[in-house]
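Each chain is listed here by its residues.
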Amino acid sequence: MYKTFYLLVLMALTAMVAGCGAGDQSAPVKPNVVVSIKPLALMAQDLAGEDFTVHTLGSGSSDPHAQAMTITDRAVLARADLVVWLGPNFERFLAKSMSSAKQAQLQLGLEAGMQWPGDAGADLHLWLNPNNIAVAYRALAQQLVLIKPAAADVIAARLTAQLAATAQAQAHIELQLAPFKQEPFAVSHDGFGHFVQAFGLNQRAAATRLPEEQLSVRRMAELNHMLKNAKCLLVEPHDHHGHKLANSISLPEVTVDVLGRDESIHSLPLLLQSVAASLVECFTAPSVVNHAVDHHDHD
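Attention in this report is confined to the structure presented alongside it.

Conventions and cut-offs
- Residues numbered from 1 in each chain as written.
- Predicted model: local features only at pLDDT ≥ 70, side-chain atom pairs only at ≥ 80, totals over all residues.
- Heavy atoms only, no water.
- 1 Å grid on protein atoms, 1.4 Å probe; cavity = no way out; pocket = protein on both sides within 12 Å on 5 of 7 lines; lining within 4 Å.
- Points joined across faces, edges and corners; volume = space filled by probe spheres on them.
- Helix = DSSP H or I, 4+ residues; strand = E, 2+ residues; numbered from the N terminus.
- Core = buried A, V, L, I, M, F, W, Y, C linked by side-chain atoms within 4.5 Å.
- Buried < 20%, exposed > 50% of the residue type's maximum accessible area, 1.4 Å probe, protein only.
- Contact = heavy atoms within 4.5 Å.
- Phe/Tyr/Trp six-rings, centres within 6.5 Å; stacked < 30°, edge-to-face > 60°.
- Lys NZ or Arg CZ within 6 Å of the ring centre and 35° of its normal.
- Axes fitted to C-alpha atoms, helices over the stretch in contact; angles between N-to-C directions.
- Parallel < 35°, antiparallel > 145°, perpendicular 65-115°, else oblique.
- Nonpolar A, V, L, I, M, F, W, Y, C, P; charged D, E, K, R; others polar.
- Pairing = 2+ DSSP bridges.
- Polar contact = N/O pair within 3.5 Å; in protein donor to acceptor, adjacent residues only side chain to side chain.
- Salt bridge = Lys/Arg side-chain N within 4 Å of Asp/Glu carboxyl O.

### Observations regarding empty space enclosed by the protein
A probe as big as a water molecule, rolled over the atoms, marks out the empty space that is left.
Here is step 1: Scanning all chains against the criterion turns up 1 cavity of 30 Å³ or more.
Here is step 2: Of the voids in this model, the largest cavity is the one considered here, and its volume is about 70 Å³.
Here is step 3: In terms of lining residues, the largest cavity is bounded by Pro 39, Leu 40, Met 43, Leu 86, Leu 108, Met 114, Leu 126, Trp 127, Asn 132, Ile 133, Ala 136 and Leu 268.
Here is step 4: Only helix H2 (38–48) and helix H5 (130–147) provide two or more residues apiece to the lining of the largest cavity.

### Focus on the nonpolar core
Here is step 1: Membership of the largest hydrophobic core comes to 63 residues, with the highest contact counts inside it found for Leu 108, Phe 185 and Phe 195.
Here is step 2: Elements represented by at least two residues in this core include exactly strand E1 (32–35), H2, strand E3 (82–85), H5, helix H6 (152–177), strand E5 (184–189), helix H7 (193–199) and helix H10 (268–284).
Here is step 3: With 9 residues, H10 is the largest single contributor of residues to this core.
Here is step 4: Contact partners of Phe 195, with chain neighbours within four places excluded, come to Leu 128, Ile 173, Leu 177, Leu 201, Leu 272, Val 275, Ala 276 and Leu 279.
Here is step 5: One finds Met 220, Val 235, Ile 249 and Leu 251 within the second-largest nonpolar core, a separate group that totals 13 residues.

### Examining the packing of aromatic side chains
Here is step 1: Enumeration according to the criterion identifies 4 aromatic pairs in this entry.
Here is step 2: Considering the side-chain rings of Phe 195 and Phe 199, the 4.7 Å spacing of their centres and the 45 degrees angle between planes classify their relative orientation as tilted. Separated by 4 residues within a single helix, Phe 195 and Phe 199 lie in helix H7, roughly one turn from each other. Across the pair, Phe 199 and Phe 195 agree in class, each one buried.
Here is step 3: Members of the aromatic cluster, joined through ring pairs, are Phe 180, Phe 185 and Phe 283.
Here is step 4: The ring of Phe 52 carries the charged tip of Lys 148 above its face, separated from the ring centre by 5.9 Å.

### Section: the packing of H6 against H10
Here is step 1: Interhelical geometry of H6 versus H10 gives an angle of 5 degrees and a closest axis separation of 9 Å. For the element pair H6 / H10, the angle class is roughly parallel. Residues Ala 165, Thr 166, Ala 169, Ile 173, Gln 176 and Leu 177 of H6 touch H10, and the partners they reach there are Pro 269, Leu 272, Gln 273, Ala 276, Ala 277, Leu 279 and Val 280.
Here is step 2: Here the contact of H6 with H10 is built from residues that sort into 10 nonpolar, 3 polar and no charged.

### What about the sheet that holds E1?
Adjacent strands of a sheet pair through backbone hydrogen bonds, lying either parallel or antiparallel.
Here is step 1: Read from one edge of the open sheet, 4 strands run E2-E1-E3-E4, paired in parallel fashion. Strands at the two margins of the open sheet, each flanked by one partner only, are strand E2 (53–56) and strand E4 (104–107). For this sheet, the mean inter-axis angle between neighbouring strands, taken without regard to orientation, is 20 degrees.
Here is step 2: Note: E1 against E3, 3 bridges, orientation parallel. Each residue of the ladder has a partner; that of Val 33, found in E3, is Leu 82.
Here is step 3: Packed on one face of the sheet, H5 meets E1, E3 and E4 and runs near 170 degrees to E3.

### Some words on the side chain of Glu 236
Here is step 1: Within the fold, Glu 236 resides in the loop between strand E7 (233–235) and helix H9 (240–248).
Here is step 2: Separated by 3.0 Å, the side chains of Glu 236 and His 189 make a polar contact.
Here is step 3: With residues up to four places along the chain from it excluded, the contact list for Glu 236 reads His 189, Phe 192, Thr 255, Val 256, Val 258 and Arg 261.

### A short note on H2
Here is step 1: The element H2 is extensively covered by neighbouring structure, given that 10 of its 11 residues are classed as buried.
Here is step 2: Taken as a whole, H2 has its buried residues at Lys 38, Pro 39, Leu 40, Ala 41, Leu 42, Met 43, Ala 44, Asp 46, Leu 47 and Ala 48.
Here is step 3: Contacts from the buried residues of H2 go to E1, E2, E3, H5, H6 and H10.
Here is step 4: One or two positions beyond H2, positive phi appears at Gly 49, with a value near 55 degrees.

### Examining the pattern of salt bridges
Here is step 1: Enumeration according to the criterion identifies 7 salt bridges in this entry.
Here is step 2: Among the salt bridges present, the one from Arg 158 reaches Asp 51, with a minimum N-O distance of 2.9 Å. Here the residue Arg 158 occupies a position in helix H6, and Asp 51 occupies one in the loop between H2 and E2, the gap between them amounting to 107 residues. The two residues Arg 158 and Asp 51 agree in class, both being buried.
Here is step 3: Of the charged contacts, one joins Lys 231 and Glu 183 as a salt bridge, the two residues approaching to 3.9 Å between their closest N and O atoms. Remark: Glu 183 occurs in the loop between H6 and E5 and Lys 231 occurs in the loop between helix H8 (217–226) and E7; sequence separation between them is 48 residues.
Here is step 4: A single network of salt bridges, built from pairs that share partners, joins Asp 51, Lys 148 and Arg 158.

Printed below as a string of structure tokens:
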């Protein structure tokens, strides 16, 4: 009796396992799109929808200039059907892996049609210019269709919607910043050029090329002279060098989240609008910003 019971249980379990296996085989497998930073994840998610799985390397909020590849990152890359990144001058941690990668990759810094605030490829904060966002969306849509041709129509529809949303955000920001075109300001490192070019703003100086660079005494003297009438210094979150610089040259400090680290930023148009809002803060409320700087000093 017991043997019969155990045999029936074993047969039932075997059938369940077989059924699960069959279900797994029939379930559609979503292609994996791996991106390097959150702005590219926002773009990928906008076009991928439920047809692809989008993975962001690292924490998504770490500094891509200082990031290092982890074991988890390597495993994610190995499963990628497409890797989307900007280029070795930005995501240095990815350069070696992508130079020998077998997966399809979209290096946005090489796309034709990009607008550059200086030498091509020198500043890869491409997502801060609406024109470049449009170029990137189109390039990514082409790659997604190559991976999943059956989704071509829905990807095309999503592309049209995102291009319209980007153009709408651009028009709104143009109106928002129009009164401040001539107002001078400075940035702690050279990462805002695409936004400055796109909206015709008056950036007087970038203190350093990269966030981790130290300022010489001579450079500090130059900045003090150049920025006497500047409205503020733009710094990114956790930019300790930028905070010290703002105090040293007696400029109000305004934080700008160009990577969209805040959870409330869930689209590229929102990211652009967040940057614009920080600039409006710089131009219109310096006394409030000064008070915030004083508070940090007392900490």
